[in-house]
Amino acid sequence: MTRLIPATTMKFSEQARNSAFSLISPILEATGGLTLSQLSKLTGLGGSTIQNWIKRGWVASTKGKKYSEKQVLRILLINMLRGSMRLEHIVRLMTYINGDVEDTSDDIIADITLYNILCRIIFTAEDEGAFDTESVQALITREIADHDDEIRDERKLKKAMYVMVMAYRSACLKTEMEKEMNDILDEMDNLP
């Protein structure tokens, strides 16, 4: 199975390990933002889904027809969790971390830092096969320690990040289970 960068259709590379968003940001800088079509290709989401999230206020409104770093990051974070969490819960979780989607002054942590830290934790946990509670919490503590100056409420962030990492892992497990179940059903359908 091809390893992907969380919430994207991009293949994992070692460059992504320390800063996953660094693979996306040059595209944003070169083009002045992503079009809906480009964002759909990057995330695997349908354009109507992305537009619906903006309409509902879960993602900041676009300026013109291009999606900025702010919108792309929020879409990636929601997409990362939606395989195992209800969208309403994801939105509440994002509000818990960063308050109003349009106002960055109430953010506990910048979305870019949050995304990069989450990806590092996920990559490390996958490499070590360590998704148990104790290991994930230790990884979270270690990763956010490097960003003390960028975090406003460490307790809230640790709690939210634990939910996010486990939700992502749950979605991966659910996908694996569904694939195996589909194989079983195909096998059963082809019995003589």
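Report on the accompanying structure. This is a predicted model, so every value here is computed, not measured.

**Some words on the overall build of the chain**
(1) Moving on: In terms of regular secondary structure, the chain is built from nine helices and zero strands.
(2) Moving on: Its helices and strands taken in sequence order, the chain reads α-α-α-α-α-α-α-α-α from the N to the C terminus.
(3) Moving on: Relative to the 2.2 N^0.38 estimate, which gives 16 Å for 192 residues, the radius of gyration of the chain is 17 Å and therefore close to what a compact globule would have.
(4) Moving on: With respect to the principal axes defined by its C-alpha atoms, the chain has extents near 65 × 40 × 30 Å.
(5) Moving on: Buried positions account for 43% of the 192 residues belonging to the chain.
(6) Moving on: Sequence separation of at least 24 residues holds for 62% of the intrachain contacts in the chain that already meet a minimum separation of 6.
(7) Moving on: Accessible surface, the chain: about 10400 Å² in total, of which carbon and sulfur atoms supply 51%.

**Things to note about the packing of helix α5 (residues 69-81) against helix α9 (residues 154-189)**
(1) Moving on: For the pair α5 and α9, the least separation of the axes is 8 Å and the interaxial angle reads 60°. Our classification of the angle between α5 and α9 gives oblique. Taking contact as the criterion, the partners of Leu77, Met80 and Leu81 in α5 are, on α9, Met164, Ala167 and Tyr168.
(2) Moving on: Within the contact of α5 with α9, the residues separate by chemical class into six nonpolar, no polar and no charged.

**A word on the nonpolar core**
For soluble globular proteins, nonpolar side chains are generally found buried alongside one another.
(1) Moving on: Counting residues in hydrophobic clusters, the biggest one holds 57 residues, and the most contacted among them are Val72, Leu114 and Tyr115.
(2) Moving on: Contributions of two or more residues to this core are made by α3 (36-43), α4 (47-55), α5, α6 (87-98), α7 (111-128), α8 (133-145) and α9.
(3) Moving on: In terms of residue count, α7 provides more of this core than any other element does, nine residues in total.
(4) Moving on: Apart from residues no more than four positions distant in its own chain, Tyr115 is found in contact with Ile5, Pro6, Thr8, Ala20, Phe21, Leu73, Leu76, Leu77 and Met80.

What counts and what doesn't
Per-chain numbering applies: the sequence of each chain, read as written, is numbered from 1 onward. With the structure being a predicted model, the display of local features is reserved for residues of pLDDT at least 70 and the display and counting of side-chain atom pairs for 80 or more, all residues being used for whole-chain, interface and lining totals. The side-chain quantities take in all heavy atoms of the structure and omit both hydrogens and water. The numbering of helices and of strands both runs from the N terminus, where a helix is a DSSP run of H or I of at least 4 residues and a strand a run of E of at least 2. It is over C-alpha atoms that the radius of gyration is taken, and the globule rule equals 2.2 Å times the number of residues to the power 0.38. Per-residue accessibility, obtained with a 1.4 Å probe over protein chains only, is compared with the maximum for each type, and a residue is labelled buried under 20%, exposed over 50%, and partly exposed between these values. A contact between two residues is defined here by any heavy atoms of the two lying within 4.5 Å. Per-residue accessibility takes into account occlusion by the displayed protein chains alone, with areas from the Shrake-Rupley method and a 1.4 Å probe. Axis lines are fitted to C-alpha atoms, over the contacting stretch for helices. Their N-to-C directions set the angle, which ranges from 0 to 180 degrees. Roughly parallel here means an angle under 35 degrees, roughly antiparallel means over 145, roughly perpendicular means 65 to 115, and every remaining angle is called oblique. Lys, Arg, Asp and Glu make up the charged group, whereas Ala, Val, Leu, Ile, Met, Phe, Trp, Tyr, Cys and Pro make up the nonpolar group; the residues left over, Gly among them, are polar. The set of buried Ala, Val, Leu, Ile, Met, Phe, Trp, Tyr and Cys residues whose side-chain atoms join them within 4.5 Å is what this entry labels a nonpolar core.

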